[in-house]
Amino acid sequence: MGAAVVDLRAEHRTDALGIDERAPRLSWRLEGCAPGVEQRSYEVSVDRDAQDPSTVRAASADVSLVPWPGVPLEPRERASVRVRATLSDDSTTAWSEPLTVEVGLGAEDWLEDFVSPSLTAAASGPRPGWLLRATFSVPASAVRVRAYVTAHGVYDLEVNGTAASDAVLAPGWSSYGHRLRYQTLDLGPATTPGENVLGIWLADGWYRGRIGFNGGLWDVYGTDVAALVQVEARHADGTVERLPLRWRTAPAPITASGLYEGETHDARLEQPGWSRPGFDDALWERPAVLPRRSFLHALEASPGPAVRVVETLAPVSVEHRPGGRVRLDLGQNVSGTIRFTASAPAGHVLRLHHAEVLEDGELSVRPLRSATSVDEYVFAGDGPETWTPRFTLHGFRYVELEGWPAGEDLGTVEALVVHSAMRRTGWFGSSHDLLDRFHENVVWSMRDNFVDLPTDCPQRDERLGWTGDIQVFAPAASFLHDSTGVLLSWLRDVKAEQRDQGTMRNFHPWLECGFPAEPAAAWGDAAVVVPWTLYERTGDVQVLRDHVESMAAWVDQVERATGGTGLWDTGFQLGDWLDPAAPPDNPGESRTDPHLVATAYHARSSALLARTWDVLGDARRAQAATAVAARARRAFRDTFVSPAGRVVSDTVTALSVAICFDLLDDEAQVRVAGERLVELVRESDHLISTGFVGTPLVCDALTRVGAADTAYHLLLQTRCPSWLYPVTMGATTVWERWDSMLPDGSVNPGEMTSFNHYALGAVVDFMHRVVAGIAPAAPGYREIDVAPRPGGGLTHASASHLSPQGLIRVEWRRDGDRFDLEVEVPPGARATVHLPDGSAPVEVGPGTTHHACRWRGASDDPPLPRRWNIHDPQDRALMEAGAA
Ligand code: BGC
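Here's a quick rundown of the structure. Numbering of residues starts from 1 in each chain and follows the order in which that chain's sequence is written. Only residues with pLDDT of at least 70 get local features here, since the model is predicted, and only at 80 or more are side-chain atom pairs given and counted; chain-wide, interface and lining totals rely on the full set of residues. Derived side-chain values reflect all non-hydrogen atoms in the structure, with water molecules and hydrogen atoms excluded from consideration.

## Notes on the layout of surface pockets
Reasoning step 1: As a volume, the largest pocket reaches approximately 1,400 Å³.
Reasoning step 2: Looking at the lining of the largest pocket, the elements with two or more residues in it are helix H3 (467-480), helix H5 (526-538), helix H7 (594-615), helix H8 (619-640), helix H9 (652-660), helix H11 (698-704), helix H14 (764-772) and strand E35 (774-776).
Reasoning step 3: Strands here are runs of E lasting at least two residues and helices are runs of H or I lasting at least four, both read from the DSSP assignment and numbered beginning at the N terminus. For the lining of the largest pocket, the element with the highest residue contribution is H7, accounting for 7 residues.
Reasoning step 4: Amino acids outside the nonpolar list (Ala, Val, Leu, Ile, Met, Phe, Trp, Tyr, Cys, Pro) and the charged list (Asp, Glu, Lys, Arg) are all regarded as polar, and Gly is one of them. Partitioned by chemical class, the residues of the lining of the largest pocket number 24 nonpolar, 4 polar and 12 charged.
Reasoning step 5: Within this model, the second largest pocket holds a volume of roughly 1,100 Å³.
Reasoning step 6: A pocket, in this scheme, is an open set of points on a 1 Å grid over the protein atoms alone with protein on both sides within 12 Å along at least 5 of 7 lines, while a cavity is a set where a 1.4 Å probe fits but cannot get out; residues line either one if an atom lies within 4 Å of a point. Lining the second largest pocket we find 45 residues, and of these Asp156, Glu158, Trp201, Thr388 and Arg390 sit closest to its centre. Grid points are joined across faces, edges and corners, and a volume is the space filled by probe spheres set on the points.

This is the structure in structure tokens:
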């Protein structure tokens, strides 16, 4: 196979129908290049609506985010883009598959108003859904028909009886007052000249339904539900005609729907053919009209992928329970819904109860708190009926069917896995089965929590964009999936609300549901760390340009809180949240001084801000941020570090932070801190003693001080608390607490206990960078550090990453003291390979290379014997069983 240009993208989207960028940057990958062969130049051919086809050539090796060739596109304009590359061996690839790029509407192009079937709703309780029906006439001369659509609430759109999009829960959740995203839908294939019909299903969703904890809030963004739809036909001569819509509305067969509560659908109320021509809507009402003007400023296209049904899962086991319920185990904790097909008499009710885990043989629904997660279907009685709820989502592994009408036949029941449709870009494998399953669990927790924005959990009455969670997880996220679009969308909310409210909140979109509105370290630092991580992993400088003021505003705010001293020792803090030593009902009560954490983060974020200003070429502001960072470092050392290098608090988190954030004076201090860190980790029997802040850092800190063996002991520990303990308990996702399920199988009594939080899975970034050995050495992986650290008795490990340059792959094997390494570098990138024997690093270019050395590490030794603790129930059980 010859070399080929593949995977053409516009901005960070593979599907570019309806984008805001009028001069979208283009990216592609080169595949099948002979070793050492690279791109020397490229040509972009653009066939656009308003102009003759053109081809632009650039003498450049760039394949990522190259500038749009030629003049920007107009709103609504479409272009078909292809790329071919000329390589360093003088060959030229074939033209790539075309990518269609189409710009959406400009703000002034919106001429329709919102139509609303319901301007207010009952004070509380999940509300019913609505149908909106519009007839419109398509002229015979139309060559293109588009619908530009958004809603207050969540919608599904049908045209002439068929779904017009596979998006779920559109338009998704954003800080609607600032950003309301619209979708561009191609109605062409489903319409014919003459009369056509649009049908909209509409429900409360995030806009008006209950969201948030402490009982939650209703009507957060407005009291109405409404849809904004503009349908346009384009004629061959390029003129565009807006097609008038005649709207009617009626109640939907959805009698109640809530994201937390679940959905009830009474199929007896369905009106067959309602979204097709010829249906008699004489009894339907006219919807109210809301002037569009007040929302125009907020309309934008989404920078990321839609939420979709990404996969279906069949149950792995079925159990008929006493009392008649049927319990299905999907074998995987997911975010999604159940779909079934069954027949039953009219009025028969089937209820679906969801839960993540079982406790005492029953569904454990306590962790859901007030998110009851029960769906209900009332049969119409007219033959096989297929149903899945439209406007709700559950986090679950188990479902119980109450009233299942089809006896033993459960073949039609399946789970729909629903999340942002991101492409997988990162993989890891090793000789350690539990470690591999842990990695898989992290991938699932990421998938289940990237539902339009990065959330904490998919099941209970939160599902919020907690900043601290994604702050620690962003490096892992950007390795595992192409999550840039989702994160960029969320960062726009962060920026808008931060500006509006004068501060970062601890989650965005922000809700006033009783959580302190004051900012906290490690959470608010997401404003800095997430854009920086995206830049580091994708090489997209524009992310920094777009967010640098938000980054700077956070650093300024903290600097003010320190009173210019650099020491952040006032106000609300979450600290090393979920330290395993904290009591179940007070997860913030960690062993590490929260002000130490706060000051350390201030030093780190201001240092990252300084680097950002450097990248953007603003030396003056870079210098100012460097001075802030220096002050915070000094304050940290003066307050928390002894001259010899001991740190107060004397905890694993404190030492890890000091080492990883480069807060110590010199190597002598690092050595003392490192020795103490190793001592503390050993003293805790290689059990985890860190929370949100220390956990992502401790393995890196240990490796940095030459104790990779200790890092491996910690990483491979299986007793509670440890990363692998949940795996031994059958977990299929990462838990919120180290002991969300206790060793005796009971669920942690804390009222905040989820089985699907990605934050503590952030350590997979260490597995990718250090265990397998792929780390970015320059933005976007144009330079790669390949420095695997074998250990822990692993006989092989591998990782691969579909980087902006192409696939990077590292694979090592050990046989006795022989260490073999295979490295694949994509065209346009370089790698520096460091072998574990400490020999001089080797530079390698594109292609696959093999490396070998003799190596035997201390980490092959078994962990130092641990001490038994009579107060530890696991230890006690083992002692009683005579194991000690
Ligand atoms: C969330 C966390 C979050 C924390 C901070 C929790 O309820 O689930 O992941 O970061 O609150 O207070």
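Next comes the rest of the description.
## Quick word on the site of the ligand
Reasoning step 1: We define proximity as follows: a residue is near a molecule or strand when any one of its heavy atoms falls within 4 Å of that partner. Around the ligand, the structure places 13 residues, and the nearest of them are Asp456, Arg460, Glu462, Asp469 and His757.
Reasoning step 2: Measuring from an oxygen atom of the ligand, one finds a side-chain N or O atom of Asp456 at 2.7 Å.
Reasoning step 3: Identification of polar contacts relies on pairs of N or O atoms within 3.5 Å, with a donor-acceptor requirement for protein atoms, meaning one able to donate a hydrogen and the other able to accept it, and with residues adjacent in sequence counted only if both atoms are side-chain atoms. Note that an oxygen atom of the ligand is positioned 3.4 Å from one of the side-chain N or O atoms of Glu736.
Reasoning step 4: In this description, accessible areas are obtained by the Shrake-Rupley approach with a 1.4 Å probe, and a residue is regarded as covered only by the protein chains that are shown. Here the ligand loses 97% of its free accessible area of 310 Å² to cover by the protein chains.

## Some details on empty space enclosed by the protein
Reasoning step 1: Counted under the stated rule, the structure contains 6 cavities of 30 Å³ or more.
Reasoning step 2: In this structure, the largest cavity spans a volume of roughly 240 Å³.
Reasoning step 3: In terms of lining, the largest cavity is formed by 21 residues, of which the most central are Arg9, Asp482, Thr484, Thr538 and Pro804.
Reasoning step 4: When contributions to the lining of the largest cavity are tallied by element, the ones reaching two or more residues are strand E3 (26-31), H5 and strand E37 (796-803).
Reasoning step 5: For the lining of the largest cavity, the element with the most residues is E37, which contributes 3 residues.
Reasoning step 6: In the lining of the largest cavity, the residues fall into 3 nonpolar, 11 polar and 7 charged.

## Side note on the pattern of salt bridges
Reasoning step 1: Here, a salt bridge means any side-chain nitrogen of Lys or Arg that lies within 4 Å of a carboxyl oxygen of Asp or Glu. Inspection of the entire model under this criterion finds 66 salt bridges.
Reasoning step 2: With a shortest N-O distance of 2.8 Å, Arg447 and Glu311 are connected by a salt bridge. Of this pair, Arg447 sits in helix H2 (residues 433-449) while Glu311 sits in strand E22 (residues 307-313); the two residues are 136 residues apart in sequence, bridging distant segments of the chain.
Reasoning step 3: Residue class for Arg447 comes out buried when judged on its relative accessible area of 11%.
Reasoning step 4: The partner of Glu400 in a salt bridge is Arg325, with the nearest N and O atoms 2.8 Å apart. One end of the pair, Glu400, is in strand E30 (residues 394-402); the other, Arg325, is in the loop between strand E23 (317-320) and strand E24 (326-342), with 75 residues separating them in the sequence.
Reasoning step 5: For the exposure calls, accessible area comes from a 1.4 Å probe over protein chains only, and a residue counts as buried if that area is under 20% of its type's maximum, exposed if over 50%, partly exposed in between. A residue is classified by how much of its surface remains accessible, and Glu400, at 3% relative accessible area, is buried.
Reasoning step 6: One salt-bridge network, held together by shared partners, links Glu319, Arg321, Arg325, Arg327, Arg351, Glu362, Glu376, Glu400 and Glu402.

These figures come from the coordinates and say nothing about function on their own.
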